[in-house]
Every structure is written in structure tokens, then in C-alpha cells.
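Reading the structure
In case you want the letters, here they are:
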Amino acid sequence: MPKILVVGGNAAGMTAASRARRLDPRAEITVIEKTPFISYSTCGIPYFLAGDVRSDDLLSFTPGTLKSERSIDAHVNVEVASILPSRKRVTARRIDTGEKLSFSFDRLLLATGVRPRLPDIPGTSLANVHTVTTLDDAVRLEGPLEVAHRVSIVGAGYVGLEMAESLRSLGKEVTIFESGAHVLSSVDPDMARIIEYELLRHRVSLRTGSPVQALVGPEPVTGVKARGVLGVHPTDLVLIDTGVLPNTTLAEEAGIRTGDTGGVVVDEYMETNVPGVFAAGNCAESFCFIRRKPVLHYLGTVAAKQGRVAGDNLTGRRQKFRGALGTTVLKVFDLAVGRTGLNLAEAAAEGIPTVSVRIEALDRAGYRADAKKIWVKLIADRSSRRVIGAQAVGYGDVSKRIDVAATAMMASATVDAITELDLGYTPPYSSLWDPLHVAAQALLKKL
């Protein structure tokens, strides 16, 4: 009876464990998780903090239900101390009691996720300065957030933008400090400006081009000092969204190789340089379908796909991970934001000659009262005519256009092919010429 051990109990780890159970009913499968929670929706955390859902609503399994429904053992509040590949053993300790534990394995999956990347500034250790990367972080934030009125968000990435909406819904006064010239660096500046307008429309104070220089005390934090801002901006609580780093310490100490990206190096089967040891999710390198090289994709969707492949291979199969595009959709108040593939800056960094276009259209028949404006941007490789990036922002159905674009890009579609896509049409849901068609037709004129 094979022993499968999974370190990390969320998207990649739980997908892998569940997949392995389906493929091998005889396997002994154990999951170790450092926090009190397993199998939860990280993406649902802003909605939990806004009071729209309960923490329990975000949980797919508890250790008890995982054992009763899938015959998988889960140990929470257990921190792994070391991995000993030559002895096929993991040492750990219970965080609440200090009890030392040991687990043996035949095959091991590392799904250790990420850790916050804090800015190198004074004051990040002050009380009421928080990062939110786990459900445990969110639960601890509930109390301080309830009494805070003025909240400062450092960084305007996905988490920062989603949190801004959640906090405004609670009546908080919200200020975002972003070091870059625009919010959400994964989209191009012309698309980011639309997002910025939406933030201002909902009375979020936005300070772009304002890197934070210090968080000011005494305890707890009372202010934010940023470049370009006179004096100290008063605040009751600070949320930091300045990125994350792969959690690879255990892997490195065990002799498991990490790459130039900082993530654990894996092959197409999600196996590391140590035979029988796999890695998946945010701690591991992904593979960019466009650039054809290892990258980091901090996305639950990619983590789950990698976890599924790892789950196959933990049971002795040989399934491959093809790669990903980094497709995401984000809600910013009334605005939907979607992107897939490369943006112009990423394409330039790869030396890809590009041509791009942005169009404005309605998401359904224009005579419909419920028709909403969206902006669609397509980016193509001028040499091959392949579409290598798509962005869409607007008040209508953005996700449909991004999903179709991602599907086409995974098939290596050219601009010409996208103009010919046979998409569904009916006035309540779409237009005769879909905005994606319109964008592709406009791009065709530039090639």
C-alpha cells in the first residue's frame, strides 16, 4: 500500500490528494497543513472580510469531513521542520502543543504556497499592520478591522484592489499607495486608467507613483509616510499588498532545486530533481504557454491544474502539465477586469515584435437597455500573427471575452483565426459581431 504525503492543504495540495485518492483507493494519503484550515477559497477572503460570507462558507472540507468522505488524513496546526528525502521521512511539530511528529512516505508532494514579500521600510512590524495570504490571516484581521475607520493599502495588485471594494462596503475610509505609475501592473496603462477611474468614482483615495517610505507609530501604526505626499497620512490600520514569494525554505534545505524565478524547479510531470518528490502550486515554477519557459503564476486555477497532474503522478501515472497563460478575472466595484497571456511590457522584455489594438464596444445588442460598455485589447506577435495577449475591462460581460481569447491562445490561434470564430449570438447576451471579433478585425488592419 503506497504512502503519499502532501505538505500543504489548499488548492494544489488538496487537488492532488483528492485526485490520488480517486486513482488509487488503496493508497495511504496524508496531508500536513501549518494553519488551522484546509481546502478553502483564498479568493473568497475579501468577501468574508466584507461580511458577505462566513469563514465556514469558504471551506470545502475540514479534517473530519475529509477523512469521512475521502479517507484522507489531514493534520492541521502542524509545521514541517525538515524533509529527509534519503530516509523518505518528514519531521514536524504541533504548533499548539509543541509535540514532535514524524511521517514516512513513498512519494511526497510539496504544496507549501507563498509568504508575503514585505517592503524594506521601517514600521512593518507595528501592530495593526497586516498581510492577508491565508484564511487564518483574515480571521485574525476581523477584530482590528472592526474598530478601524481609516485604512491604508500599500500596493495596488489583485488583493489590494479587491480589499478596497470590501472595505468601502464596510464604510471605511480607504487610501491606496502604489509605487508604480498605475494600478495592476499585469494590464497595460491604458486599461489601468479605466480601473483608476472606477476607484475614484467609489471614493477610494489613490496615490500612484507614491512608494511608501515608512509606517509610523508608536504602537499601533498611526500613519503612512510616502513619497509625494506631504507630511504623514493618518491611518488606523495598514494592509500590505506588495507581492509574495514562493515558500521554498523546506525544499532548499532538503536539497531540492529552485530556479531563477525563485520557485521549486519541476519537470513537466511536476517532479523535482529528487526522485519521488513532487511540487505544485504557488511554491513551484509554472510554465508559460507563450514564452515557453518557467515562470511563477500565483493563481489558484493554475495551482489546481498542477495539483491534478501531480496527483496523477503520485500514483505512478505519467501525466504532463502543458503550461498556463495566467488568465485572471477581477471585480473592482462595478467594473470587471480580465487578462490573459502577455501584456506589452512582458512581450517587450521577451523581444517579441508586437502589434496591439484597443476597442470600445457594447457587450450585447446596442438597442438593449441592459447593454454595457466594455473595452477589449488584443496583442499579437507581428511575425507569427499569433495572439499572445488579451485584456478586457468594462461594466458588461468581460469574462466571456477573456475565456474565449484564452481558449484561442491555448490553440495557438492567429488574429485571422479569431476573426473567424463561430461565436453564439442572441441580442440579450451578445452582439452580431462580438467585441472580440471587432478587436481582431481592427488588429488585422495593422498587420
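Look above for the structure.
Anyway, here's the lowdown on the structure attached to this text. Here the structure is a predicted model, which means the values were calculated and not measured.

1. So, the sheet that holds strand β3 (residues 73–75)
Backbone-to-backbone hydrogen bonds join strands into a sheet, with any given pair of strands oriented parallel or antiparallel. Sheet architecture is open: five strands sit in the order β3-β2-β1-β7-β18, paired in parallel fashion. The two strands at the open ends of the sheet, each matched to only one other strand, are β3 and β18 (277–279). Between one strand and the next, the sheet's axes are offset by a mean angle of 20°, whatever the strand orientation. Where strand β2 (residues 28–32) meets β3, three bridges bridge the pair, whose relative direction is parallel. Directly across from Thr30, in β3, lies its bridge partner Asp73. Each of β1 (3–7), β2 and β7 (107–110) is contacted by helix α1 (residues 11–23), which is oriented at about 170° to β2, the strand it contacts most. On top of the sheet, helix α8 (residues 300–314) reaches β1, β7 and β18; it is set at about 170° to β7, its chief contact.

2. A look at the sheet that holds strand β21 (residues 328–332)
The strand order across the open sheet built from five strands is β21-β22-β25-β24-β23, with neighbouring strands paired in antiparallel fashion. Each end of this open sheet is capped by a strand with a single partner; those strands are β21 and β23 (354–362). Between one strand axis and the next, the sheet turns by 15° as a mean value, whatever way the strands run. Relative to strand β25 (residues 387–394), strand β22 (residues 335–341) runs antiparallel, the two being bridged by six bridges. Following the sheet pairing, Gly341 is matched in β25 by Gly389. Strands in contact with helix α5 (residues 158–169) are β21 and β22; relative to β21, the strand with the most contacts, it is inclined by about 30°.

3. What about the environment of Ala413?
You can see Ala413 is positioned in the loop between α10 (398–410) and α11 (415–419). Between the C-alpha atoms of Ala413 and Leu362, which are 51 residues apart in sequence, the distance is 24 Å. Those residues within four positions of Ala413 in sequence are excluded, and the remaining contacts are Arg386, Val387, Ala408 and Ile418.

4. Examining the packing of aromatic side chains
Inspection of every chain in the model, using the stated rule, returns zero aromatic pairs. The lysine or arginine in question, Arg292, covers the ring of Phe289, its NZ or CZ lying 5.3 Å from the ring centre. Stacked on the ring of Tyr269, the Lys or Arg Arg318 has its end atom at 3.7 Å from the ring centre.

5. Comments concerning the nonpolar core
Ranked by internal contacts, the top residues of the largest apolar core, which has 53 residues, are Ile83, Val90, Leu108, Leu109, Leu110 and Ile256. Residue contacts for Leu109: discarding those within four places in its chain leaves Leu5, Val6, Val7, Ala12, Gly13, Ala16, Phe278, Ala279, Ala280, Ala310 and Leu314. Counting residues in hydrophobic clusters, the runner-up holds 40 residues, among them Val132, Ala156, Ile176 and Leu199.

6. Side note on a nonpolar patch on the surface
Nonpolar side chains collect at one region of the surface, where Tyr367, Tyr425, Leu432 and Trp433 lie side by side and expose about 540 Å² of accessible area between them. Tracing the sequence through the fold places Leu432 in the loop between α11 and α12 (435–444). Taking relative accessible area as the criterion, Leu432 reaches 61% and is therefore assigned exposed.

7. Structural notes on helix α6 (residues 189–201)
Under the 1.5 Å per step criterion, the end-to-end length of α6 is 18 Å for 13 residues, consistent within 8% with the ideal 18 Å. Those residues of α6 lying buried are Met191, Ala192, Ile194, Ile195, Glu196, Glu198 and Leu199. Directly beyond the C-terminal end of α6, a positive phi value near 60° is found at Arg203.

8. Overview of α12
Every buried residue belonging to α12 is among Pro435, Leu436, His437, Ala439, Ala440 and Leu443, and all of these are buried. For α12, the elements touching its buried residues are β23, β24 (373–381), α10 and α11. Residue Asp434 occupies the N-cap position of α12, its side-chain oxygen lying 2.9 Å from the main-chain nitrogen of Leu436.

9. Remarks on the pairing of β21
The alternating pattern of β21 places Thr328, Leu330 and Val332 on a buried face, while none of Val329 and Lys331, on the opposite face, is buried. Pairing of β21 with β22 involves five bridges; the strand directions are antiparallel. If you follow Thr328 over to β22, its bridge partner there is Arg339. Taking the residues that link successive antiparallel strands as the turn, the β21-β22 hairpin has two residues, and the phi of Phe333 there is positive, at about 55°.

Calculation rules
- Residues numbered from 1 in each chain as written.
- Predicted model: local features only at pLDDT ≥ 70, side-chain atom pairs only at ≥ 80, totals over all residues.
- Heavy atoms only, no water.
- Pairing = 2+ DSSP bridges.
- Helix = DSSP H or I, 4+ residues; strand = E, 2+ residues; numbered from the N terminus.
- Axes fitted to C-alpha atoms, helices over the stretch in contact; angles between N-to-C directions.
- Contact = heavy atoms within 4.5 Å.
- Phe/Tyr/Trp six-rings, centres within 6.5 Å; stacked < 30°, edge-to-face > 60°.
- Lys NZ or Arg CZ within 6 Å of the ring centre and 35° of its normal.
- Core = buried A, V, L, I, M, F, W, Y, C linked by side-chain atoms within 4.5 Å.
- Buried < 20%, exposed > 50% of the residue type's maximum accessible area, 1.4 Å probe, protein only.
- Patch = residues over 30% accessible without salt bridge, like charges linked within 9 Å, V, L, I, M, F, W, Y side chains within 5 Å.
- Areas by Shrake-Rupley, 256 points an atom, 1.4 Å probe, with all protein chains shown as cover.
- Salt bridge = Lys/Arg side-chain N within 4 Å of Asp/Glu carboxyl O.
- Expected span 1.5 Å × (residues − 1).
- Polar contact = N/O pair within 3.5 Å; in protein donor to acceptor, adjacent residues only side chain to side chain.

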